[in-house]
Amino acid sequence: ETGVTQSPTHLIKTRGQQVTLRCSSQSGHNTVSWYQQALGQGPQFIFQYYREEENGRGNFPPRFSGLQFPNYSSELNVNALELDDSALYLCASSPRTSGDYYEQYFGPGTRLTVT
Amino acid sequence: AQSVTQPDIHITVSEGASLELRCNYSYGATPYLFWYVQSPGQGLQLLLKYFSGDTLVQGIKGFEAEFKRSQSSFNLRKPSVHWSDAAEYFCAVGHTGGGNKLTFGTGTQLKVEL
(Lines give C-alpha, C1' and ligand atoms only; values in the text may rest on other atoms or scores of the structure.)
Protein backbone atom coordinates (compact mmCIF):
# COMPACT_ATOMS: atom_id res chain seq x y z
CA GLU A 1 0.00 0.00 0.00
CA THR A 2 1.48 3.33 -1.08
CA GLY A 3 1.35 6.15 1.43
CA VAL A 4 0.82 9.83 0.83
CA THR A 5 3.44 11.32 -1.46
CA GLN A 6 4.25 14.97 -2.11
CA SER A 7 6.33 16.81 -4.66
CA PRO A 8 8.60 18.60 -4.79
CA THR A 9 10.51 18.00 -1.56
CA HIS A 10 12.00 21.47 -1.43
CA LEU A 11 11.28 24.65 -3.33
CA ILE A 12 12.72 28.16 -3.33
CA LYS A 13 10.65 31.00 -4.77
CA THR A 14 10.86 34.77 -4.89
CA ARG A 15 8.30 37.06 -3.30
CA GLY A 16 5.44 37.76 -5.71
CA GLN A 17 5.82 34.51 -7.64
CA GLN A 18 3.31 31.68 -7.81
CA VAL A 19 3.85 28.07 -6.71
CA THR A 20 2.09 24.73 -7.18
CA LEU A 21 2.55 21.85 -4.77
CA ARG A 22 1.34 18.34 -5.51
CA CYS A 23 0.01 15.48 -3.43
CA SER A 24 -0.98 11.91 -4.18
CA SER A 25 -3.34 10.44 -1.62
CA GLN A 26 -3.01 7.03 -0.04
CA SER A 27 -4.69 4.25 -1.96
CA GLY A 28 -8.43 4.13 -1.20
CA HIS A 29 -8.53 7.61 0.35
CA ASN A 30 -10.92 10.10 -1.23
CA THR A 31 -10.32 13.14 0.97
CA VAL A 32 -7.24 15.36 0.90
CA SER A 33 -6.37 18.12 3.35
CA TRP A 34 -3.59 20.67 3.24
CA TYR A 35 -1.79 22.16 6.23
CA GLN A 36 0.84 24.86 6.64
CA GLN A 37 3.46 24.35 9.34
CA ALA A 38 5.60 27.40 10.07
CA LEU A 39 8.88 26.89 11.88
CA GLY A 40 8.32 26.01 15.53
CA GLN A 41 4.55 25.82 15.16
CA GLY A 42 1.91 23.16 14.84
CA PRO A 43 0.29 22.58 11.44
CA GLN A 44 -2.52 24.97 10.49
CA PHE A 45 -5.45 23.76 8.38
CA ILE A 46 -5.62 25.42 4.96
CA PHE A 47 -8.46 23.54 3.26
CA GLN A 48 -9.84 20.13 2.44
CA TYR A 49 -11.09 18.54 -0.77
CA TYR A 50 -13.64 15.76 -1.04
CA ARG A 51 -14.90 14.46 -4.36
CA GLU A 52 -13.16 17.31 -6.17
CA GLU A 53 -14.97 20.01 -4.17
CA GLU A 54 -13.61 22.23 -1.41
CA ASN A 55 -15.04 20.87 1.82
CA GLY A 56 -13.87 23.31 4.43
CA ARG A 57 -11.33 26.08 4.67
CA GLY A 58 -9.17 27.52 7.40
CA ASN A 59 -8.19 31.13 7.94
CA PHE A 60 -6.13 31.57 4.78
CA PRO A 61 -6.57 34.25 2.08
CA PRO A 62 -7.97 33.46 -1.38
CA ARG A 63 -4.51 33.46 -2.93
CA PHE A 64 -4.30 29.96 -1.45
CA SER A 65 -6.31 27.73 -3.75
CA GLY A 66 -6.50 24.08 -4.58
CA LEU A 67 -7.74 21.35 -6.82
CA GLN A 68 -8.59 17.70 -6.45
CA PHE A 69 -8.54 15.40 -9.45
CA PRO A 70 -10.69 12.33 -10.23
CA ASN A 71 -7.90 10.05 -8.99
CA TYR A 72 -8.07 11.99 -5.65
CA SER A 73 -4.64 13.56 -6.07
CA SER A 74 -4.50 17.25 -5.25
CA GLU A 75 -2.67 20.50 -5.89
CA LEU A 76 -2.13 23.49 -3.66
CA ASN A 77 -1.54 26.78 -5.46
CA VAL A 78 -0.29 29.91 -3.80
CA ASN A 79 -0.25 33.20 -5.73
CA ALA A 80 1.63 36.40 -4.96
CA LEU A 81 3.99 34.69 -2.54
CA GLU A 82 4.93 36.52 0.64
CA LEU A 83 7.87 35.95 2.92
CA ASP A 84 5.53 34.60 5.61
CA ASP A 85 4.47 31.81 3.25
CA SER A 86 7.80 30.12 3.95
CA ALA A 87 6.81 26.90 5.71
CA LEU A 88 6.46 23.15 5.48
CA TYR A 89 3.30 22.31 3.55
CA LEU A 90 1.75 19.03 4.54
CA CYS A 91 -0.81 17.03 2.67
CA ALA A 92 -2.98 14.47 4.44
CA SER A 93 -5.45 11.97 3.10
CA SER A 94 -8.27 10.12 4.79
CA PRO A 95 -10.81 7.50 3.78
CA ARG A 96 -13.88 9.55 4.62
CA THR A 97 -16.97 7.96 3.19
CA SER A 98 -19.64 9.37 5.48
CA GLY A 99 -20.11 12.03 8.11
CA ASP A 100 -17.87 10.13 10.50
CA TYR A 101 -14.42 11.37 11.16
CA TYR A 102 -11.39 9.36 10.14
CA GLU A 103 -7.80 9.87 11.05
CA GLN A 104 -5.59 11.63 8.54
CA TYR A 105 -2.39 10.20 7.11
CA PHE A 106 0.30 12.72 6.33
CA GLY A 107 2.86 12.94 3.58
CA PRO A 108 6.47 14.03 4.16
CA GLY A 109 5.75 17.62 3.21
CA THR A 110 7.13 20.23 0.83
CA ARG A 111 9.51 22.78 2.31
CA LEU A 112 8.83 26.15 0.65
CA THR A 113 11.26 29.02 1.10
CA VAL A 114 10.27 32.47 -0.14
CA THR A 115 13.10 34.99 -0.54
CA ALA B 1 -13.73 27.63 18.94
CA GLN B 2 -11.68 24.51 19.32
CA SER B 3 -8.13 24.75 20.61
CA VAL B 4 -5.34 22.54 21.88
CA THR B 5 -2.76 23.49 24.50
CA GLN B 6 0.51 21.70 25.01
CA PRO B 7 2.00 23.50 28.00
CA ASP B 8 5.49 22.02 27.74
CA ILE B 9 7.52 23.36 24.83
CA HIS B 10 10.58 21.25 25.63
CA ILE B 11 11.01 18.15 27.79
CA THR B 12 14.22 16.26 28.51
CA VAL B 13 14.20 12.75 29.93
CA SER B 14 16.85 10.11 30.45
CA GLU B 15 16.70 6.96 28.38
CA GLY B 16 14.72 4.33 30.27
CA ALA B 17 12.77 6.88 32.29
CA SER B 18 9.02 7.28 32.03
CA LEU B 19 7.44 10.03 29.99
CA GLU B 20 4.23 12.03 30.16
CA LEU B 21 3.38 14.76 27.65
CA ARG B 22 0.47 16.97 28.52
CA CYS B 23 -2.37 18.01 26.27
CA ASN B 24 -5.49 20.02 27.08
CA TYR B 25 -8.23 20.72 24.59
CA SER B 26 -11.19 22.98 24.25
CA TYR B 27 -14.07 21.63 22.20
CA GLY B 28 -17.83 21.86 22.57
CA ALA B 29 -18.73 18.27 21.76
CA THR B 30 -17.19 14.84 22.20
CA PRO B 31 -13.73 15.27 20.74
CA TYR B 32 -11.79 13.09 18.40
CA LEU B 33 -8.25 13.21 19.82
CA PHE B 34 -4.94 12.31 18.29
CA TRP B 35 -1.25 12.25 19.02
CA TYR B 36 1.22 12.58 16.17
CA VAL B 37 5.02 12.42 16.16
CA GLN B 38 7.29 14.34 13.80
CA SER B 39 10.97 13.61 13.32
CA PRO B 40 13.18 16.41 11.97
CA GLY B 41 12.33 17.29 8.38
CA GLN B 42 9.60 14.67 8.24
CA GLY B 43 5.84 14.55 8.03
CA LEU B 44 3.55 13.50 10.86
CA GLN B 45 3.08 9.91 11.98
CA LEU B 46 -0.06 8.94 13.87
CA LEU B 47 0.77 7.43 17.27
CA LEU B 48 -2.75 6.84 18.58
CA LYS B 49 -6.29 8.13 18.52
CA TYR B 50 -9.37 8.35 20.71
CA PHE B 51 -12.83 8.37 19.19
CA SER B 52 -15.00 6.82 21.93
CA GLY B 53 -15.13 3.92 24.37
CA ASP B 54 -12.25 2.93 26.61
CA THR B 55 -10.54 6.10 27.81
CA LEU B 56 -7.09 4.48 27.87
CA VAL B 57 -5.87 3.95 24.33
CA GLN B 58 -2.83 2.10 23.15
CA GLY B 59 -0.75 3.21 20.23
CA ILE B 60 2.34 2.30 18.31
CA LYS B 61 5.90 2.30 19.67
CA GLY B 62 4.70 1.52 23.21
CA PHE B 63 2.80 4.78 23.70
CA GLU B 64 -0.55 5.13 25.42
CA ALA B 65 -2.83 8.04 26.21
CA GLU B 66 -5.69 8.59 28.63
CA PHE B 67 -8.75 10.70 27.86
CA LYS B 68 -10.09 12.54 30.91
CA ARG B 69 -13.24 14.42 30.06
CA SER B 70 -13.45 16.15 33.45
CA GLN B 71 -10.00 17.65 32.94
CA SER B 72 -10.27 18.15 29.16
CA SER B 73 -6.98 16.32 28.88
CA PHE B 74 -5.44 13.67 26.68
CA ASN B 75 -1.95 13.07 28.04
CA LEU B 76 0.54 10.84 26.27
CA ARG B 77 2.62 8.37 28.27
CA LYS B 78 5.37 5.86 27.78
CA PRO B 79 6.79 3.75 30.62
CA SER B 80 10.36 3.59 29.31
CA VAL B 81 11.72 6.04 26.75
CA HIS B 82 14.21 5.00 24.06
CA TRP B 83 16.73 7.35 22.46
CA SER B 84 14.86 6.95 19.15
CA ASP B 85 11.78 8.59 20.72
CA ALA B 86 13.47 11.99 20.49
CA ALA B 87 11.18 14.01 18.21
CA GLU B 88 8.41 16.58 18.32
CA TYR B 89 5.02 15.46 19.52
CA PHE B 90 1.73 17.08 18.54
CA CYS B 91 -1.65 16.66 20.11
CA ALA B 92 -4.64 17.38 17.88
CA VAL B 93 -8.41 17.53 18.08
CA GLY B 94 -10.48 16.53 15.08
CA HIS B 95 -13.90 17.85 14.24
CA THR B 96 -16.29 17.50 11.37
CA GLY B 97 -17.64 21.03 11.14
CA GLY B 98 -16.40 22.66 7.94
CA GLY B 99 -14.51 19.61 6.83
CA ASN B 100 -12.96 16.99 9.05
CA LYS B 101 -9.96 19.10 9.95
CA LEU B 102 -7.43 18.77 12.71
CA THR B 103 -6.53 21.55 15.11
CA PHE B 104 -3.03 21.04 16.48
CA GLY B 105 -1.22 22.20 19.56
CA THR B 106 2.13 23.93 19.22
CA GLY B 107 4.01 20.74 19.98
CA THR B 108 6.40 19.43 22.63
CA GLN B 109 10.01 18.82 21.68
CA LEU B 110 11.33 15.70 23.42
CA LYS B 111 15.03 15.28 24.04
CA VAL B 112 16.35 11.96 25.34
CA GLU B 113 19.60 11.90 27.30
CA LEU B 114 21.68 8.75 27.09
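Residues numbered from 1 in each chain as written. Chains lettered and ligands numbered in written order. Predicted model: local features only at pLDDT ≥ 70, side-chain atom pairs only at ≥ 80, totals over all residues. Heavy atoms only, no water.

Novice: I'd like to hear about the side chain of Gln68(A), residue by residue, with values.
Specialist: With respect to the helices and strands, the residue Gln68(A) is situated in strand S7 (residues 64–68). Setting aside anything within four residues of it in sequence, one finds Gln68(A) in contact with Asn30(A), Thr31(A), Val32(A), Tyr49(A), Tyr50(A), Arg51(A), Glu52(A), Ser73(A) and Ser74(A). (Helix = DSSP H or I, 4+ residues; strand = E, 2+ residues; numbered from the N terminus. Contact = heavy atoms within 4.5 Å.)

Novice: Just give me the short version of the interface of chain A and chain B, but keep the residues and values in it.
Specialist: Each partner contributes to the interface: chain A provides 24 residues, whereas chain B provides 23 residues. Both faces combined, the contact of chain A with chain B buries some 1,700 Å², and carbon together with sulfur accounts for 57% of it. At the junction of chain A with chain B, the criterion picks out four residue pairs in polar contact (both at pLDDT 80 or more). Looking at the side of chain A that touches chain B, the elements with two or more residues in it are strand S4 (31–37), strand S5 (44–50), strand S6 (53–57) and strand S9 (87–94) of chain A. (Buried area = accessible area lost by both parts, 1.4 Å probe. Polar contact = N/O pair within 3.5 Å; in protein donor to acceptor, adjacent residues only side chain to side chain.)

Novice: Break down the packing of aromatic side chains for me, citing the residues and quoting the values.
Specialist: One pass over the structure, following the stated rule, counts 16 aromatic pairs over all chains. Here the aromatic cluster, defined as three or more aromatic residues joined through ring pairs, consists of Tyr35(A), Phe45(A), Phe106(A), Tyr32(B), Phe34(B), Tyr36(B), Phe51(B), Phe90(B) and Phe104(B). (Phe/Tyr/Trp six-rings, centres within 6.5 Å; stacked < 30°, edge-to-face > 60°.)

Novice: How would you sum up the nonpolar core? Please name residues and give values.
Specialist: In this structure, Leu19(B), Trp35(B), Leu47(B), Leu48(B), Phe74(B), Leu76(B) and Tyr89(B) are the most contacted members of the largest nonpolar core, which totals 26 residues. Secondary-structure elements contributing two or more residues to this core are strand S2 (10–14), strand S3 (19–21), strand S5 (32–38), strand S6 (44–50), strand S8 (64–68), strand S9 (73–78), strand S10 (87–95) and strand S12 (108–113) of chain B. Counting residues per element, this core draws most heavily on S10(B), at four residues. One finds Val4(A), Phe60(A), Leu76(A) and Val78(A) within the second-largest nonpolar core, a separate group that totals 20 residues. (Core = buried A, V, L, I, M, F, W, Y, C linked by side-chain atoms within 4.5 Å. Buried < 20%, exposed > 50% of the residue type's maximum accessible area, 1.4 Å probe, protein only.)

That's the geometry; what it means functionally is another story.
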